[in-house]
Amino acid sequence: MRLIYAGDPMCSWCYGFGKELSALMTLHPGLRLDIVVGGVRAGATDLLDDAGKAFRLNHWERVEANSGLPFNREAFLARENFVYDTEPVCRAVVAARRIAPQADLLAVFRALQAAFYAEGRDTTDGRVLAQVVAEALGAQGFLFDADHVHDVWSAPGTLAETRSDFRFVRTLGVRSFPALLLEVDGQVKEVSPGYAHVGVLDHHLRNLLAQVHRPAIERA
């Protein structure tokens with residue numbers, strides 16, 4: 001049994017969802033959580049224009065109102081010639097998973113989100129991503145320098161694994177992010193198809209867990 005979180009660090013609703021998911025995991029510490037990246041704008045090549053910025057800022061306002069998390073609008077608006085390609089940051093999550101499989105990947109995921117949304121850093125830049133991942137892993141006691149992280153991030157195997165994540169997310173039927181799923185004996189059930197507060201997530205999850213355990217109780 002495991003939870004599967006499908007998301008993208010540069011999806012603003014995923015940014016808001018991170019806090020709720022962290023709170024949910026404290027309520028269910030024995031439940032395994034696997035993170036797969038979805039690549040909401042992976043491979044994008046178009047420059048982000050004023051209309052694109054306005055579209056995203058509208059979402060940011062709604063996410064901020066729901067989550068209370070901070071957004072660095074000034075840094076975002078000042079960014080020029082920016083290509084909103086989410087493949088590099090998704091690959092950074094996969095790199096962290098490859099480097100330190102035992103690490104809290106959700107904490108790394110959220111550090112990458114904070115770097116972009118709150119700190120205004122360029123999370124399409126491999127060197128920036130490597131530094132953020134190295135810092136996030138270091139905070140957990142996994143000590144790797146940024147150069148090593150960058151080497152793993154650049155490796156063909158990491159690129160291939162990232163693409164594999166994208167494909168897996170599609171096989172799950174996920175069409176928007178964030179998405180939280182519960183997998184039991186190969187059967188996948190939806191916990192939340194989008195952003196939700198921890199109380200709602202916990203309610204849905206407990207209902208699903210009760211359905212899983214009820215047949216065993218009835219057979220007993």
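To be clear, the structure that these remarks concern was listed above.
Quick notes on the rules
- Residues numbered from 1 in each chain as written.
- Predicted model: local features only at pLDDT ≥ 70, side-chain atom pairs only at ≥ 80, totals over all residues.
- Heavy atoms only, no water.
- Salt bridge = Lys/Arg side-chain N within 4 Å of Asp/Glu carboxyl O.
- Helix = DSSP H or I, 4+ residues; strand = E, 2+ residues; numbered from the N terminus.
- Buried < 20%, exposed > 50% of the residue type's maximum accessible area, 1.4 Å probe, protein only.
- Patch = residues over 30% accessible without salt bridge, like charges linked within 9 Å, V, L, I, M, F, W, Y side chains within 5 Å.
- Areas by Shrake-Rupley, 256 points an atom, 1.4 Å probe, with all protein chains shown as cover.
- Lys, Arg positive; Asp, Glu negative; His and termini not counted.
- Charge placed at Lys NZ, Arg CZ, Asp CG, Glu CD.
- Axes fitted to C-alpha atoms, helices over the stretch in contact; angles between N-to-C directions.
- Parallel < 35°, antiparallel > 145°, perpendicular 65-115°, else oblique.
- Left-handed = near helix turned anticlockwise from the far one by under 90°.
- Contact = heavy atoms within 4.5 Å.
- Nonpolar A, V, L, I, M, F, W, Y, C, P; charged D, E, K, R; others polar.
- 1 Å grid on protein atoms, 1.4 Å probe; cavity = no way out; pocket = protein on both sides within 12 Å on 5 of 7 lines; lining within 4 Å.
- Points joined across faces, edges and corners; volume = space filled by probe spheres on them.
- Pairing = 2+ DSSP bridges.

Draft legend 1. The pattern of salt bridges, seen in detail. Tallied over the entire structure, the rule returns 13 salt bridges. With a closest N to O distance of 2.6 Å, Arg2 and Glu183 form a salt bridge. In this pair, Arg2 is assigned in strand E1 (residues 2-7) and Glu183 in strand E3 (residues 179-184), connecting sequence segments 181 residues apart. Like Glu183, Arg2 is buried. It is possible to trace a salt-bridge network through shared partners that takes in Arg2, Arg32, Asp34 and Glu183.

Draft legend 2. View of a positive patch on the surface. A contiguous patch of positive charge on the surface is contributed by Arg163, Arg167, Arg170 and Arg175. Relative to the assigned elements, Arg170 resides in helix H8 (residues 156-171).

Draft legend 3. Structural context of the packing of helix H1 (residues 12-27) against helix H5 (residues 105-117). For the pair H1 and H5, the least separation of the axes is 10 Å and the interaxial angle reads 140°. In terms of orientation, H1 and H5 fall into the oblique class. Crossing geometry of H1 relative to H5 is assigned as left-handed. Packed against H1, whose contacting residues are Ser12, Cys14, Tyr15, Gly18, Lys19, Leu21 and Ser22, the element H5 presents Leu106, Arg110, Gln113, Ala114 and Tyr117 at the interface. Grouping the constituent residues of the contact of H1 with H5 by class yields six nonpolar, four polar and two charged.

Draft legend 4. Up close: empty space enclosed by the protein. The final tally for this structure, using the stated rule, is one cavity of 30 Å³ or more. Along the walls of the largest cavity sit Trp60, Asn72, Phe76, Arg79, Phe116, Gly120 and Arg121, which together make up its complete lining. Looking at the lining of the largest cavity residue by residue, the classes come out as three nonpolar, two polar and two charged.

Draft legend 5. Structural view of the sheet that holds E1. Sheet architecture is open: four strands sit in the order E2-E1-E3-E4, paired in mixed fashion. If you trace the sheet from one side to the other, it starts and ends with strand E2 (32-37) and strand E4 (187-192), each paired once. For this sheet, the mean inter-axis angle between neighbouring strands, taken without regard to orientation, is 30°. Taken together, the six bridges between E1 and E2 define a ladder with parallel strand orientation. Within the sheet, the bridge partner assigned to Gly7 lies in E2 and is Val37. Sheet strands touched by H1: E1, E2 and E3. Its angle to E1, the strand with the most contacts, is close to 165°. Running over the sheet, H8 touches E1 and E2 and is turned about 105° from E2.

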